[in-house]
Amino acid sequence: MKGIKLGDYNRLIVARKVDFGVYLDGFDDGDILLPTKYVPQNLNVGDEIEVFVYLDQEERLVATTEHPLAKVGDFAYLEVAWTNKYGAFLKWGLTKDLFCPFREQKNRMVQGSHHLVHIHVDEESYRLMASAKVERYLNHDMAPYRHNDSVDLLVWQRTELGYKVIVDNQYPGQIYTNQIYRDIHIGERTKGYVDVVREDGKIDVMLQPSGRQQTIDFADTLMDYLIAHGGRCPYGDKTEANIIREVFGVSKKTLKRAIGDLYKRKVIVIEEEGIRLV
């Protein structure tokens, strides 16, 4: 028994051609239409193609070569396209918008607003659905991370301590205000680094690695800046910390360490006006 993955990417074989597209072999789920506008040139019966499978307006399986903003199992920050008496419909990059019923909303969704949601298949109706009650879909097991491990972050909520984030599309995490050296916003996806995994399973994360790794990473960034600006950088030990934060998104301490690292490697000269490449 083999079926397709609804709300996900599938590699399917062309079963037959029709005037309005091609039908793909959906295994136990039957043939699935790929409409003409998504059919690549020179696609023939027996060829394999990767498609995203979802439900059309009549709740029938349909395929597309478009790439939605998220798939089943993902968290995503989506805009409300329209609403009706049953709930809200979110833009996710496909012809048919994604439904979020009132029972899955934390606050009443209105057209034009943005919300962080989880995408899943509703067990009762077998419909693709979004839920703003993301806490229930987070993994609260002890995460297998170590200090300075690189992770993917989705910024979730502003708090008194900083920002809640979703780590690697599954774990709850927190960035504290004193670890933030640039502007971040709800819905932003960014790279992060693990500080510590707490006993309650939550993860404290940073926007930059700590220690030696942070110095090495930012030294590379500083070299890129020098190359892009004629070999000169006007920022250094005498520069105000808020200016460094605004330009590079790091602390003054990090900049000084990176300058020291490049100086030891004898690739820069430190001057009154800043630094320059040798």
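Residues numbered from 1 in each chain as written. Predicted model: local features only at pLDDT ≥ 70, side-chain atom pairs only at ≥ 80, totals over all residues. Heavy atoms only, no water.

A. Region of interest: the overall build of the protein. Scanning the protein from terminus to terminus reveals three helices and 18 strands. A principal-axis box enclosing the C-alpha atoms of the protein has dimensions of 75 × 45 × 35 Å. Out of the 278 residues belonging to the protein, those deemed buried represent 45%. Split by element, the accessible area of the protein, about 15400 Å² in all, is 48% carbon and sulfur. (Helix = DSSP H or I, 4+ residues; strand = E, 2+ residues; numbered from the N terminus. Buried < 20%, exposed > 50% of the residue type's maximum accessible area, 1.4 Å probe, protein only. Areas by Shrake-Rupley, 256 points an atom, 1.4 Å probe, with all protein chains shown as cover.)

B. Seen up close, the sheet that holds strand β14 (residues 189-197). Within the closed barrel, the five strands sit side by side as β11-β12-β13-β15-β14. Their pairing is mixed. Taking the axes of each pair of neighbouring strands and ignoring which way they run, one obtains an average angle of 55° across the sheet. With four bridges joining them, β14 and strand β15 (residues 203-206) adopt antiparallel strand pairing. Bridge pairing in β15 links V197 to I203. (Pairing = 2+ DSSP bridges. Axes fitted to C-alpha atoms, helices over the stretch in contact; angles between N-to-C directions.)

C. View of helix α3 (residues 252-264). Here α3 is 13 residues long and its end C-alpha atoms lie 18 Å apart, about the 18 Å a rise of 1.5 Å per residue gives. Those residues of α3 lying buried are T254, L255, A258, I259, D261 and L262. Projected down its long axis, α3 carries its buried residues within an arc of 160°, all on one side. Away from the buried face of α3 by more than 90 degrees, exposed residues K253 and K264 are located. Within two residues after α3, K266 carries a phi angle of roughly 60°, on the positive side. (Expected span 1.5 Å × (residues − 1). Arc of directions from axis to C-beta.)

D. Geometry of the sheet that holds strand β18 (residues 274-277). Here we have three strands laid out as an open sheet, ordered β16-β18-β17, and antiparallel in their pairing. At either end of the open sheet lies a strand with only one pairing partner, and these are β16 (232-233) and β17 (268-271). Those strands touched by α3 are β17 and β18, and its axis lies near 125° from that of β17. (Contact = heavy atoms within 4.5 Å.)

E. Representation of the packing of aromatic side chains in the model. The final tally for this structure, using the stated rule, is eleven aromatic pairs. Here F52 and W92 contribute two aromatic rings whose centre-to-centre distance is 5.8 Å and whose plane-to-plane angle is 75°, an arrangement assigned as edge-to-face. One end of the pair, F52, is in strand β4 (residues 48-55); the other, W92, is in the loop between β7 (87-91) and β8 (98-101), and 40 residues separate them in sequence. Given a relative accessible area of 0%, F52 falls into the buried group. (Phe/Tyr/Trp six-rings, centres within 6.5 Å; stacked < 30°, edge-to-face > 60°.)

F. Just the pairing of β15, in detail. Going residue by residue along β15, you find I203 and V205 tucked away on one face and D204 and M206 tucked away on the opposite face as well. With three bridges connecting them, strand β13 (residues 171-176) and β15 associate as parallel partners. Bridge pairing in β15 places Q174 opposite D204.

G. Molecular detail of the side chain of D122. Mapped onto the secondary structure, D122 falls in the loop between β9 (114-121) and β10 (128-131). For D122, a relative accessible area of 13% corresponds to the buried category. Setting aside its immediate chain neighbours within four residues, D122 contacts R103, R127 and M129.

H. Representation of the nonpolar core in the model. Counting residues in each nonpolar core, the largest one holds 35 residues, and the members touching the most others are L24, L34, V51, L90, W92, L98 and M109. A total of six residues in this core trace back to one element, the largest contributor, which is β4. Leaving out residues up to four positions away in the same chain, M109 has contacts with V80, T83, A88, L90, C100, H115, V117 and A132. (Core = buried A, V, L, I, M, F, W, Y, C linked by side-chain atoms within 4.5 Å.)

I. Here's a closer look at the pattern of salt bridges. This structure, assessed with the given rule, holds 20 salt bridges. With a shortest N-O distance of 3.0 Å, D56 and R60 are connected by a salt bridge. In this structure, D200 engages R198 in a salt bridge whose closest nitrogen and oxygen atoms are separated by 3.0 Å. Taking the relative accessible area as the measure of exposure, D200 reaches 43% and is therefore partly exposed. (Salt bridge = Lys/Arg side-chain N within 4 Å of Asp/Glu carboxyl O.)

J. Highlighting the environment of N139. Mapped onto the elements, N139 comes out in the loop between β10 and β11 (150-158). C-alpha of N139 to C-alpha of Y171: the two residues are 32 residues apart in sequence and 5.1 Å apart in space. Contacts of N139, omitting those with residues within four sequence positions, involve Q170, Y171 and P172. In this structure the side chain of N139 is engaged in a polar contact, spanning 2.9 Å, whose partner is the backbone nitrogen of D141. (Polar contact = N/O pair within 3.5 Å; in protein donor to acceptor, adjacent residues only side chain to side chain.)

K. Seen up close, the environment of V134. Position of V134 relative to the elements: it lies in the loop between β10 and β11. Since its relative accessible area comes to 0%, V134 is described here as buried. Sequence spacing of V134 and E104 is 30 residues, and the spatial spacing of their C-alpha atoms is 9.3 Å. Ignoring any residue separated from it by four or fewer positions in sequence, one finds V134 in contact with F75, L116, V117, H118 and W156.

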